[in-house]
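Residue-level structure breakdown
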Amino acid sequence: MRHLTTALAATYAGLLYLFIFLPVIVLVLFSFQDGTLPVPPLNGLTLRWYEAIFADGKLMAALGNSLIVAILSSAVACILGFLAAYAFARYTLPASGLLRGLIVAPMTVSTLIIGLGLLSVLNLTGMRLSLLTVGIGHVVINLPLCFAIIYASMGGHQVNIERAARDLGAKDWQVTLLVTAPMLAPSILAAFFLSVTFSWDEFIVAFLLSRFDVTLPVEIWSMLRSGLDPRTNAIGSVVFLVSVAFLIIMELAVFRKTGKSS
Amino acid sequence: MTATALERAERRKAWAFALPALLWTGFFFLVPFAYMAAISLWTRQGREIVATWTLDNYIAFFEKAHLFKGLVVSLEITAIVTVISIVLAYPLAWIIAERVPKTWQRFALIMAILPFWTSYVVRSYSWLLVLSKGGVVNQALLWLGVIAEPLELSANRTGTVIGFVHFFVMLLTLTIYANLIQLSPNYRRAAADLGANAFQTFWHVVLPLTLPGVMVGAFLTFVLCIGDYITPQILGGNNELVLPQVIMLQLGRRADFPMAAAMSLVLMAIVTLAYIACARWLKMERT
């Protein structure tokens, strides 16, 4: 009986893991397809689709744009989030509950609405759509997250260390920058990496707020118009590889460390 | 009571720290949101937006069948996806929490999340490779002789549902697992002492206690599923549009901003209603 349920459990878990992995396996496998259709039968293995995408100037430009937007918008979101978290954790502001609510509010609104709203205001002001406008949108999306993560990790136990630093003659900016920020480094890094991944993958806002320079998801989106194409498999596999590398770095650098210290 | 100079200086410092984030959210979120709410009450003449206050857009949405149908389809698909995902995810979460050795559980969870680290657009495209007429599933079934004709698995509701279920099974597995792992073994011991068999213990003790995890996951599924544009656009075909697709259509060829804004706000109102309905469970989770 015990053996039977274990076998059943293993079968069930195996089937669900197969379901979860199936698309990514097919994606990567047929990126090596020696033929123009990335579906069975597999004619043979080739690297030419990878050569094709790395030679594709538009695609590589989009990849670069995505990295720039992801890193810069996440940096801005982290800085703004950290400063605000410091303000709410260390000082008493009037109506602080309401103001904190305002900062996390975008988290509760769909990206479609954030994108549409920004687009209509940008139309009004006549500001041109560019990577800058995409970046602004991504900061709006990621700021609540960064603020929430950093604010949650600002406990009372750091206050005494900050007080000690002040007693030893540190100025306010020195305390914030040289004492508080390093103490919170794990959660600031976690917030940064998380928002980099969100921004890297974000489609709707990037789609609505860009025109000529686009990010990678938007460029891949326009590749989809040509239907099934091994080039799309190849760039998809590259994105997967980059993201997994990122996950491993995050797992090793950030979460291991915080896991041990707590 | 007047504030001392010191207090005033402290308060100025506090505002200096908080203002950048507040201004950013104010300028780039609050103002656009308010402007969009206003636009939804205005009308469109040609490509121009005219500021005349009216409820016409909202009335049109509920009256015009081709617009309102988007909402109906969205709600149906979301309901189907949520139910299937819970039914599939609960056993998996239970197996990981109960049958997988402690040291391997984290690995099992990371493996469950791993395939979702591709770009969202790429993930939906990958499902197209699996589900299309010449795709892996159809080819395999034809080869095995299970079917004589390829099945219609994409470019319809089936495709959208499979694409969604893929993601939400993972999400629900995480929220339910988190709940299962927190359960004290004492509950189960007490149930066994009182003579309950394995099934009774699960049905009367474990399941009710993990309901918060199920509800949190279900709420997230509802919110993310009903607001999504990518999966239905890639896997759903053109015969049956969900609300976000209808909204994007208003923007594209018709450039009807007021209508798109009104429909987005209806969508947001529905999400808010779902939140109110689930608030009881979402709060429980926080404590």
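Small disclaimer: the values here were computed from a predicted structure and weren't measured. Sequence order as written defines the numbering, with residues in each chain counted from 1. Chain letters and ligand numbers both follow the written order, the letters beginning at A and the numbers at 1. With the structure being a predicted model, the display of local features is reserved for residues of pLDDT at least 70 and the display and counting of side-chain atom pairs for 80 or more, all residues being used for whole-chain, interface and lining totals.

**Some points on the overall build of chain A**
Put simply, the rule is: A run of H or I in DSSP counts as a helix once it spans at least four residues, and a run of E counts as a strand once it spans at least two, with each numbered from the N terminus. Radius of gyration: over C-alpha atoms. The globule rule applied is 2.2 Å multiplied by the number of residues raised to the 0.38 power. Buried residues are those with 20 or more other C-beta atoms within 10 Å of their own C-beta, exposed residues have 12 or fewer, and partly exposed residues lie in between; C-beta atoms are placed from the backbone. Contact definition: two residues whose C-beta atoms, as placed from backbone geometry, lie within 7 Å.
Across its full length, chain A carries twelve helices and zero strands. Ordering the α and β elements of chain A from the N terminus gives α-α-α-α-α-α-α-α-α-α-α-α. Against the 2.2 N^0.38 benchmark of 18 Å for 262 residues, chain A shows a C-alpha radius of gyration of 23 Å, more extended than a compact globule. The principal-axis extents of the C-alpha atoms in chain A amount to approximately 75 × 65 × 30 Å. Per-residue burial over chain A gives 41% buried out of 262 residues. Counted over contacts in chain A with a minimum sequence separation of 6, partners at least 24 positions apart contribute 76%.

**Some words on the overall build of chain B**
For chain B, the helix and strand inventory stands at 13 helices and two strands. A compact globule built from 287 residues should have a C-alpha radius of gyration of about 19 Å, whereas chain B, at 25 Å, is more than 25% larger. For chain B, the spread of C-alpha atoms along the principal axes amounts to about 70 × 65 × 35 Å. The buried share among the 287 residues of chain B stands at 39%. A separation threshold of at least 6 residues defines the contact pool for chain B, and within that pool the share at least 24 residues apart is 71%.

**Quick look at the UniProt feature "transmembrane region" (unreviewed entry) in chain B**
Residue and element names in this part refer to chain B. What counts, and what does not: UniProt positions are given in the numbering used here, feature names are shortened, and annotations may be inferred rather than shown by experiment.
Sequence positions flagged by UniProt for "transmembrane region" (unreviewed entry) are, in local numbering, residues 21-42, 77-97, 104-122, 160-181, 201-226 and 257-282. Between the C-alpha atoms that bound residues 21-42 there is a distance of 31 Å. The span itself is 86% helix and 0% strand. In this annotation, residues 104-122 is assigned 68% helix and 0% strand; the end-to-end C-alpha distance for the span is 29 Å.

**Examining the nonpolar core**
The condition is simple: When buried Ala, Val, Leu, Ile, Met, Phe, Trp, Tyr and Cys residues are joined through C-beta atoms within 7 Å, the set is termed a nonpolar core.
Ranked by internal contacts, the top residues of the largest apolar core, which has 139 residues, are A84(A), L143(A), I150(A) and M263(B). No other element matches helix α3 (residues 57-90) of chain A, which puts 15 residues into this core. Excluding residues that lie within four positions of it along the chain, A84(A) makes contacts with I103(A), F147(A), F17(B), A18(B) and A21(B).

**Looking at the interface of chain A and chain B**
Heads up, the condition is: Charged residues are taken to be Asp, Glu, Lys and Arg, nonpolar residues to be Ala, Val, Leu, Ile, Met, Phe, Trp, Tyr, Cys and Pro, and polar residues to be all remaining types, Gly included.
Counting residues at the interface gives 64 residues for chain A, matched by 60 residues for chain B. Of all the secondary-structure elements, those providing two or more residues to the side of chain A that touches chain B are α1 (2-29), α3, α4 (96-104), α5 (111-125), α6 (131-152), α11 (216-223) and α12 (230-261) of chain A. A per-element tally of the side of chain A that touches chain B places α1(A) first, with 14 residues. Here the side of chain A that touches chain B is built from residues that sort into 54 nonpolar, eight polar and two charged.

**Focus on helix α12 (residues 243-251) of chain B**
It helps to recall that an α-helix has 3.6 residues per turn; residues three or four apart then point in one direction. Where we set the bar: This arc is taken over the directions from the axis of the helix to the C-beta atoms.
Residues of α12(B) that are buried: L243(B), P244(B), V246(B), I247(B) and Q250(B). The buried residues of α12(B) all sit within an arc of 160° when viewed along its axis, so they share a single face.

**Points about unusual backbone geometry**
Going from P40(A) to P41(A), the amide bond is cis rather than trans, its omega being 0°. By secondary structure assignment, the location of P41(A) is in the loop between α1 and α2 (48-55). In this structure, A95(A) takes a positive phi of about 50° despite not being glycine. Tracing the sequence through the fold places A95(A) in the loop between α3 and α4. C-beta crowding within 10 Å serves as the criterion here: with 9 such atoms nearby, A95(A) is assigned to the exposed category. Non-glycine residue A155(B) carries a positive phi angle of around 60°. Here A155(B) is to be found in the loop between α6 (136-144) and α7 (157-182).

**Some points on the packing of α1(A) against helix α3 (residues 65-98) of chain B**
Worth spelling out the cut-off: Every axis in this analysis is a line fitted to C-alpha atoms, fitted for helices over the stretch in contact. Angles between the N-to-C directions lie between 0 and 180 degrees. Oblique is the label for any angle not under 35 degrees, not over 145, and not in the 65 to 115 range, which are roughly parallel, roughly antiparallel and roughly perpendicular in turn. Crossing handedness: left-handed means the near helix sits turned counterclockwise from the far one by under a right angle, and right-handed means the same turn made clockwise.
Put simply, α1(A) and α3(B) touch, their axes get as near as 10 Å, and they point 120° apart. By the criterion of interaxial angle, the relationship of α1(A) to α3(B) is oblique. The element α1(A) and its partner α3(B) pack so that their crossing is left-handed. On α3(B), the residues touching A9(A), Y12(A), A13(A) and L16(A) of α1(A) are L88(B), P91(B), L92(B) and I95(B). Tallied by class, the residues present in the contact of α1(A) with α3(B) amount to eight nonpolar, no polar and no charged.

**Side note on the UniProt feature "domain: ABC transmembrane type-1" (unreviewed entry) in chain A**
UniProt's feature table lists "domain: ABC transmembrane type-1" (unreviewed entry) at residues 63-250 of chain A, given in the numbering used throughout. The span residues 63-250 of chain A is 78% helix and 0% strand, and its two end C-alpha atoms sit 21 Å from each other.

**Here we look at the UniProt feature "domain: ABC transmembrane type-1" (unreviewed entry) in chain B**
Under the local residue numbering, the UniProt record ascribes the feature "domain: ABC transmembrane type-1" (unreviewed entry) to residues 71-278 of chain B. In the segment residues 71-278 of chain B, helix accounts for 77% and strand for 0%; the C-alpha atoms at its two ends are 20 Å apart.

**Quick word on the environment of F19(A)**
Examined against the element boundaries, F19(A) turns out to sit in helix α1. Separated by 175 residues in sequence, F19(A) and L194(A) place their C-alpha atoms 26 Å apart.

**Description of the packing of helix α5 (residues 120-131) of chain B against α7(B)**
All names here are of chain B. Where α5 meets α7, the axes come as close as 10 Å, and the angle between the chain directions of the two elements is 125°. Between α5 and α7, the angle falls in the class oblique. Crossing handedness for the pair α5 and α7: right-handed. On α7, the residues that touch S124, W127 and L131 of α5 are G159, I162, G163 and H166. Considered class by class, the residues forming the contact of α5 with α7 number three nonpolar, four polar and no charged.

**So, the UniProt feature "transmembrane region" (unreviewed entry) in chain A**
Residues and elements named next belong to chain A. Under the UniProt annotation, the feature "transmembrane region" (unreviewed entry) is placed at residues 12-32, 67-89, 101-123, 129-154, 175-200 and 234-255. This span, residues 129-154, is 85% helix and 0% strand, and a straight line between its end C-alpha atoms measures 37 Å. Note that residues 175-200 is 96% helix and 0% strand, and that its end C-alpha atoms are spaced 33 Å apart.

**Let's talk about the confidence of the model for chain B**
All names here are of chain B. Where we set the bar: Confidence scores per residue from the predictor, reported as pLDDT, run from 0 to 100.
Per-chain confidence: chain B averages 89 in pLDDT, with 97% of residues scoring 70 or above. Predicted confidence in chain B is weakest over strand β2 (residues 48-50), with a mean pLDDT of 81, and strongest over α3, with 95. Reported confidence for the predicted complex is 0.87 by ipTM and 0.87 by pTM.

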